[in-house]
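# Structural features, examined
Chain residues, written in single-letter form:
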Amino acid sequence: MVKDGRAVYLSEESKQLDYWNIPIANTTVIILGTGTSITNSAGVLIRKMEIG
């Protein structure tokens, strides 16, 4: 998802929301496992950085 103009990973473990930055400038591949979802805005932001 996108938060404050950054691509972030959201974890909902223990009823607490944790956000983790995705270092898109240094990322070459993003592997999404079963049950993983990505928002459209995050996909667009990642594509603009020419990843994948």
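Our subject is the structure listed above.
This text gives an overview of the structure that appears in the document. Please read all numbers here as calculations on a predicted model, not as lab measurements. Each residue is numbered by its place in its chain's sequence as written, counting from 1. Confidence filtering applies because this is a predicted model: local features only for residues at pLDDT of at least 70, side-chain atom pairs given and counted only at 80 or more, and all residues used for totals across whole chains, interfaces and linings. Hydrogens and waters are ignored; side-chain quantities use all the structure's heavy atoms.

### Focus: the overall build of the chain
Threshold: A run of H or I in DSSP counts as a helix once it spans at least four residues, and a run of E counts as a strand once it spans at least two, with each numbered from the N terminus. Categorising residues by exposure relies on relative accessible area from a 1.4 Å probe, with only protein chains included: less than 20% of the type maximum marks a residue as buried, more than 50% marks it as exposed, and the intermediate range marks it as partly exposed. Here a residue-residue contact requires only that any non-hydrogen atoms of the pair lie within 4.5 Å. A 1.4 Å probe and the Shrake-Rupley method give the accessible areas. Residues count as covered only by the protein chains that appear here.
Assigned secondary structure in the chain consists of 1 helix and 3 strands. Ordered by position from the N terminus, the helices and strands of the chain form the series β-β-β-α. The burial tally for the chain puts 17% of its 52 residues in the buried class. Taking as baseline every contact in the chain between residues at least 6 positions apart, the subset at least 24 positions apart corresponds to 32%. Here the chain has roughly 4400 Å² of accessible surface; of this, 52% comes from carbon and sulfur atoms.

### Details of helix α1 (residues 40–48)
As a reminder, the rule being used: Working definition: the arc comes from the directions between the helix axis and the C-beta atoms, pointing outward to the latter.
Among the residues making up α1, those that are buried are A42, L45 and I46. All buried residues of α1 fall inside an arc of 95 degrees around its axis, so they share one side. Across from the buried face of α1, at angles greater than 90 degrees, the exposed residues are N40, R47 and K48. The inward-facing, buried residues of α1 abut β1 (2–3) and β2 (6–11).

### Examining the sheet that holds β2
The strands that make up a sheet are held in pairs by hydrogen bonds between backbone atoms, and each pair lies either parallel or antiparallel. Our working rule: Strands pair, by our definition, only if DSSP identifies at least two bridges between them.
One open sheet holds the 3 strands; their spatial order is β1-β2-β3, and the pairing between them is antiparallel. Every interior strand has two partners, whereas the edge strands, β1 and β3 (18–21), have only one. As paired elements, β2 and β3 share 4 bridges and run antiparallel to each other. Pairing of Y9 across the sheet is with W20, part of β3.

### Topic: the pairing of β2
Pairing of β1 with β2 involves 2 bridges; the strand directions are antiparallel. Across the sheet, the residue bridging to K3 is R6, located in β2. In this antiparallel pair of consecutive strands, β1 and β2, the connection spans 2 residues, and D4 shows a positive phi of 55 degrees.

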